[in-house]
Amino acid sequence: IKESQTILENKVRERTSELETAQKISRTGSWVLDMEVNSLVLSNEMFEIFDIPDGTPPLYSYENFLSIIHPDDKEYANNQWTNAMQNGGSYSIEYRIVSGHNTKWIEAKSEFTLDEHGKLKKGTGSVQDITERKLAEMTLVKFKTAIESSGEAIFMTDTKGIITFINPEFTKLYGYSIEEVVGKMTPR
């Protein structure tokens, strides 16, 4: 029995290490709030995402957590969190956090369960650093705005020469509508 227990303990440590590695790769942290035993457990990646030095528990206070949320996102995040906690259920939101001189975009997902008396029993969630994706999305919006407001006719094709995009100036200069051009082969 002792040997079986040691094997099981080793497997648990191995799986925990694998989960931590997967969370580090995907830049995703997890947390569990258990009101029955009054505990909050954060994965190691949570400390990385929120730039928390080892041994420092600033997220253990909800007020401290709110203090690092970007001022423009604080009310929204707080409302989503509070509503899910009070009523049970889940949420999936994006918000920014500010740590020192850095601003990060976060995608947070959680699920809360209530006991038979309607009191919070447990909350489980994940937090992912989506800063790179959000910056890429913002860059695409800037490019799209620049292309659509350009005074030059711009069109794009796929590798077969089929037109996939035209900007508004193209329609003004050539008199064709988007429907008449997009999806058609470019003249050879």
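Quick note: structure is the one above.
Residues numbered from 1 in each chain as written. Predicted model: local features only at pLDDT ≥ 70, side-chain atom pairs only at ≥ 80, totals over all residues. Heavy atoms only, no water.

Q: Which residues make up the overall build of the protein, and what are the values?
A: In terms of regular secondary structure, the protein is built from 7 helices and 7 strands. Of the regular secondary structure in the protein, the N- to C-terminal order runs α-β-β-α-α-α-β-β-β-α-β-β-α-α. Projecting the C-alpha coordinates of the protein onto the three principal axes gives extents of approximately 80 × 45 × 40 Å. Taken over 188 residues, the protein has a buried fraction of 30%. At a minimum sequence separation of 6, the contacts of the protein that also span at least 24 residues come to 34%. Placing the 21 positive and 29 negative side-chain charges of the protein at their respective mean positions leaves the two points 3 Å apart. (Helix = DSSP H or I, 4+ residues; strand = E, 2+ residues; numbered from the N terminus. Buried < 20%, exposed > 50% of the residue type's maximum accessible area, 1.4 Å probe, protein only. Contact = heavy atoms within 4.5 Å. Lys, Arg positive; Asp, Glu negative; His and termini not counted. Charge placed at Lys NZ, Arg CZ, Asp CG, Glu CD.)

Q: Tell me what's going on with unusual backbone geometry, and back it up with residues and numbers.
A: Even without being a glycine, N38 presents a positive backbone phi close to 50°. Along the chain, N38 falls in the loop between β1 (28-34) and β2 (39-42).

Q: Let's hear about the sheet that holds β2: which residues, and what values?
A: The 5 strands are arranged β2-β1-β5-β4-β3 in an open sheet whose pairing can be described as antiparallel. Of all strands in the sheet, those with a lone pairing partner are β2 and β3 (89-99), marking the two edges. Each adjacent strand pair in this sheet contributes to an overall mean axis angle of 20°, direction not counted. As paired strands, β1 and strand β5 (residues 120-129) are joined by 7 bridges and run antiparallel to one another. (Pairing = 2+ DSSP bridges. Axes fitted to C-alpha atoms, helices over the stretch in contact; angles between N-to-C directions.)

Q: An account of a nonpolar patch on the surface is needed here, citing residue identities and associated values.
A: Together, L173, Y174 and Y176 give the surface a local cluster of nonpolar side chains, amounting to about 360 Å² of exposed area. By relative accessible area, Y176 is classed as partly exposed at 45%. (Patch = residues over 30% accessible without salt bridge, like charges linked within 9 Å, V, L, I, M, F, W, Y side chains within 5 Å. Areas by Shrake-Rupley, 256 points an atom, 1.4 Å probe, with all protein chains shown as cover. Salt bridge = Lys/Arg side-chain N within 4 Å of Asp/Glu carboxyl O.)

Q: Can you lay out the environment of E169 for me, pointing to particular residues and giving the numbers?
A: Along the polypeptide, E169 turns up in helix α6 (residues 168-174). Put simply, E169 and S149 are 20 residues apart on the chain and 7.8 Å apart in space, counted from C-alpha to C-alpha. Other than its neighbours up to four places away in sequence, E169 contacts S150, G151, E152 and A153.

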